[in-house]
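Read off the chains here:
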Amino acid sequence: MFEIFGIPSQALFGQLLLGLINGSFYALLSLGLAVIFGMLNIINFAHGAQYMMGAFAAYLLLQHTGIGYWEALVIAPILVGATGILVERLFLKHLRKLDPLYGLLLTFGLAIVIEGVFRNSYGSSGLPYQVPESLQGGHNLGFMFLPNYRAWVIVLSLAVCLATWFAIERTRLGSYLRAATENPVLERAFGINVPRMVTLTYGFGVGLAALAGVMAAPIYNVSPQMGSDLIIVVFAVVVIGGMGSILGAILTGFTLGIVEGLTKVFFPEASNTVIFVIMAIVLLIRPAGFFGRTA
Amino acid sequence: MSDTRALLSVKDLEAWYGESHVLHGVTFDVQPGEVVTLLGRNGVGKTTTLKAIMGIIEQRTGSVCFEGRELIGLPSDAIARCGIAFCPEERGIFASLDVKENLLLPPQVRPGGLDLDRIFELFPNLRERLRSQGTKLSGGEQQMLAIGRILRTGARLLLLDEPTEGLAPVIIEQIGRTIGTLKAQGFTILLVEQNFHFAATLADRYYVMEHGRIVDHFAAAELHANTEKLHDYLGV
């Protein structure tokens, strides 16, 4: 145990870890938002609610079928992603040709409805979800104690973010997605079923949110408002990073999580607002965000 | 003149951009293996005709019959999969893809498309630029890329929209030779051109458009007798 800038190492690295955890969720969620915005030109306000549905899917699977965490990591994103596909086919598809504002309004309304339904059924207080047995406990690293589950969250988020980046930027399928982001009309005229690709992309973005929800369940309480608490910060992250770039979303998410964690150590009064302050500054100097496409 | 053996038969094609009625009863046909050119001034509806055939313009009525199959009402991806390929006026090279990805993007819609080696024979420059970002190529290279990528698909009817626009004479010559080679290989080409002299080296027949309508029609052999009329139409 030692001190850095007058702060005990345990406290500093503890907060850094917390910052990295938060950053993992910021990165995963802003990645999903960036992918959806790139393809559909829609700001998916329902993202927080879909994250919450992922957590609830894990909780309900355990409660009613005994299906545990590891299977839920796969099943919940598929289930919630499927609801996303339904939303796209039933509603978002028809808003394609209109002002992006309509998509925003629709997904915003959807978020309120989803949250209301869950609050009606499960109340406002959090429901518990146990850390899976194989990830319980932790290791003492000397300068701090590292819980296994927290380490797992960081590793898995990094892996998913990098895998998604690789799939989009370096694969053939990714080239179809990138082309559709640029000129969907021409791409369709080559014979590629662009509408179907757009639907599946929305489903994938929603699935990413749900995956984050499953990962969040053992750390935070599973509650109907867990999404709306988080999504406001994620939108600020997205504004700072800019909607244009996949890598930008990932980097900004992790960085801001760490910045928030460090602020909590050195200037705790500001920790709730630091991301929004940064967002205001970025909007003044570089409105498109650090990695955004300048219009 | 309509012929049931025509590869492409367009009848009474009407099209709208929103409220604006831009094509009025366009009727023409293209026989297999022909190069047919749509001529006309800027804004008469030549590009619009190609886009209406391709289904890129959705508000359209009339009949577009390809290999006996009615295309009116089909979405553009279905039309492409029937075996038609479109090379737009602005080339449409994707900036977020490199040259190789651009080349490989259009899927095979018919067997017998040119493989990459054959495309590099036609356009050797592309081989050296494979990993460059698509839009970092010069105008001529982008045009070659735009033509090259649709040759991979196996489509036998090519819609080429002003392939020589804004290009240097040397490149124009190369493109002319390429189209000549494609014609010799049995491709059918519907060409939109303002560069009349370029079209004259390749076309079997010409249709002249004005105000969204076909107003005249010549075979290649009749060209010489009609040059003055053409100059009037084209305003040169």
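Just above sits the structure.
In this report, the structure presented in the accompanying data block is examined. (Residues numbered from 1 in each chain as written. Chains lettered and ligands numbered in written order. Predicted model: local features only at pLDDT ≥ 70, side-chain atom pairs only at ≥ 80, totals over all residues.)

Moving on: the overall build of chain A. Across its full length, chain A holds eleven helices and four strands. For the C-alpha atoms alone, the extent of chain A along its principal axes is close to 65 × 50 × 35 Å. The buried share among the 295 residues of chain A stands at 48%. If you take every contact in chain A between residues at least 6 apart in sequence, the share linking residues at least 24 apart comes to 76%. (Helix = DSSP H or I, 4+ residues; strand = E, 2+ residues; numbered from the N terminus. Buried ≥ 20, exposed ≤ 12 C-beta atoms within 10 Å, placed from the backbone. Contact = placed C-beta atoms within 7 Å.)

All names here are of chain B. Taken in spatial order, the four strands line up as E2-E1-E4-E5 in an open sheet, and their pairing is antiparallel. Lying at the two open borders of the sheet, with one neighbouring strand each, are strand E2 (20-30) and strand E5 (69-70). Pairing geometry for strand E1 (residues 8-17) and E2, over seven bridges, is antiparallel. Its bridge partner being in E2, Trp-16 is matched across the sheet by His-21. (Pairing = 2+ DSSP bridges.)

To continue, consider the interface of chain A and chain B. Taken residue by residue, the interface counts 16 residues in chain A and 19 residues in chain B. The set of elements that each furnish at least two residues to the side of chain A that touches chain B consists of helix H6 (172-182) and helix H7 (184-189) of chain A. Counting residues per element, the side of chain A that touches chain B draws most heavily on H6(A), which supplies six residues. Split by residue class, the side of chain A that touches chain B holds seven nonpolar, five polar and four charged. (Nonpolar A, V, L, I, M, F, W, Y, C, P; charged D, E, K, R; others polar.)

What follows concerns the nonpolar core. Grouped together as the largest cluster of nonpolar side chains are 152 residues, with contacts concentrated most on Leu31(A), Ala55(A), Ala58(A), Ala210(A), Ala212(A), Ile84(B) and Leu159(B). Looking at which element gives the most residues to this core, the answer is helix H1 (residues 9-40) of chain A, with 15 residues. (Core = buried A, V, L, I, M, F, W, Y, C linked by C-beta atoms within 7 Å.)

A few words now on the packing of helix H2 (residues 47-65) of chain A against helix H3 (residues 69-90) of chain A. Any two packed helices are characterised by how steeply their axes cross, that is the angle between the axes, and by the distance between the axes. Residue and element names in this part refer to chain A. Axis separation between H2 and H3 bottoms out at 9 Å; the angle between their running directions is 135°. When the axes of H2 and H3 are compared, the pair comes out oblique. Seen from above, H2 lies across H3 with right-handed handedness. Here Gln-50, Met-53, Gly-54, Ala-57, Ala-58 and Leu-61 of H2 lie close against H3, whose contacting residues are Tyr-69, Ala-72, Ile-75, Ala-76, Pro-77, Leu-79, Val-80 and Gly-84. Its residues assigned to classes, the contact of H2 with H3 comprises eleven nonpolar, three polar and no charged. (Axes fitted to C-alpha atoms, helices over the stretch in contact; angles between N-to-C directions. Parallel < 35°, antiparallel > 145°, perpendicular 65-115°, else oblique. Left-handed = near helix turned anticlockwise from the far one by under 90°.)

On to the sheet that holds strand E8 (residues 188-192) of chain B. Residue and element names in this part refer to chain B. Taken in spatial order, the six strands line up as E6-E7-E8-E3-E9-E10 in an open sheet, and their pairing is mixed. The open sheet is flanked by strand E6 (84-87) and strand E10 (213-219), the only strands paired with a single partner. Here the strands of the sheet are splayed against their neighbours by 15° on average, with no regard to which way each runs. Pairing of strand E7 (residues 157-161) with E8, which is carried by five bridges, proceeds in the parallel orientation. The partner of Leu-160 across the bridge, within E8, is Leu-191. Sitting on the sheet, helix H1 (residues 46-54) is in contact with strand E3 (35-39), E6, E7, E8 and strand E9 (205-210), with an inclination near 145° to E7.

Let us look at the pairing of E1(B). Residues and elements named next belong to chain B. Between E1 and E2, which pair antiparallel in sequence order, lie two residues; one of them, Gly-18, sits at a positive phi of approximately 65°. The pairing of E1 with strand E4 (residues 60-66) spans six bridges and is antiparallel. Following the sheet pairing, Leu-8 is matched in E4 by Phe-66.

Turning next to unusual backbone geometry. Negative phi characterises most residues that are not glycine, and trans characterises most peptide bonds. Residue and element names in this part refer to chain B. With a phi angle near 50°, Asp-12 is a residue other than glycine that sits in the positive phi range. According to the C-beta neighbour criterion, Asp-12 is exposed, with 12 such atoms within 10 Å. Of note in the backbone geometry, Glu-67 takes a positive phi value of approximately 50° without being a glycine. Within the secondary structure, Glu-67 is located in the loop between E4 and E5.

Moving on to the pairing of E9(B). Residues and elements named next belong to chain B. Among the six residues of E9, five are classified as buried, and the element is accordingly described as predominantly covered. As paired elements, E3 and E9 share four bridges and run parallel to each other. Bridge assignment links Leu-38 to a residue of E9, and that residue is Tyr-207. Sheet analysis places E9 next to E10, joined by six bridges and oriented antiparallel. Paired with Met-209 across the two strands is Ile-214, which belongs to E10. Taken together, E9 and the strand that follows it, E10, pair antiparallel across an intervening segment of two residues, in which His-211 is found at a positive phi of about 50°.

Residues and elements named next belong to chain B. Within the secondary structure layout, Val-30 lies in strand E2. By C-beta crowding, Val-30 is classed as buried, having 24 other C-beta atoms within 10 Å. Sequence separation between Val-30 and Leu-190 is 160 residues, and the spatial gap between their C-alpha atoms is 7.5 Å. Beyond its immediate chain neighbours, meaning those up to four positions away, Val-30 contacts Ala-6, Leu-7, Leu-8, Val-36, Thr-188 and Leu-190.

Before going further, it helps to spend a moment on the packing of H1(A) against helix H8 (residues 194-216) of chain A. All names here are of chain A. At a minimum axis distance of 9 Å, the contact between H1 and H8 shows a crossing angle of 170°. By the angle between their axes, H1 is roughly antiparallel relative to H8. Across from Phe-25, Leu-28, Leu-29, Leu-31, Gly-32, Val-35, Ile-36, Met-39 and Leu-40 in H1, the residues of H8 making contact are Val-198, Thr-201, Tyr-202, Phe-204, Gly-205, Leu-208, Ala-209, Leu-211, Ala-212 and Ala-216. Taken together, the residues of the contact of H1 with H8 break down into 16 nonpolar, three polar and no charged.

With that out of the way, let us pick up the environment of Ala209(A). Residues and elements named next belong to chain A. You can see Ala-209 is positioned in helix H8. Between the C-alpha atom of Ala-209 and that of Gly-48, which follows or precedes it by 161 residues, the distance is 7.4 Å. Among all residues touching Ala-209, those that are not within four sequence positions of it are Leu-29, Gly-32, His-47, Gln-50, Tyr-51 and Gly-54.

Now for helix H9 (residues 226-241) of chain A. Residues and elements named next belong to chain A. Here H9 is 16 residues long and its end C-alpha atoms lie 23 Å apart, about the 22 Å a rise of 1.5 Å per residue gives. Most of H9 is tucked away, with twelve of its 16 residues classed as buried. Along H9, the residues classified as buried are Met-226, Gly-227, Leu-230, Ile-231, Val-233, Val-234, Ala-236, Val-237, Val-238, Val-239, Ile-240 and Gly-241. On its buried side, H9 packs onto H1, H2, helix H4 (100-122), H8, helix H10 (246-266) and helix H11 (274-285). (Expected span 1.5 Å × (residues − 1).)

Fair warning: the whole summary comes from geometry, so function is off the table for now.
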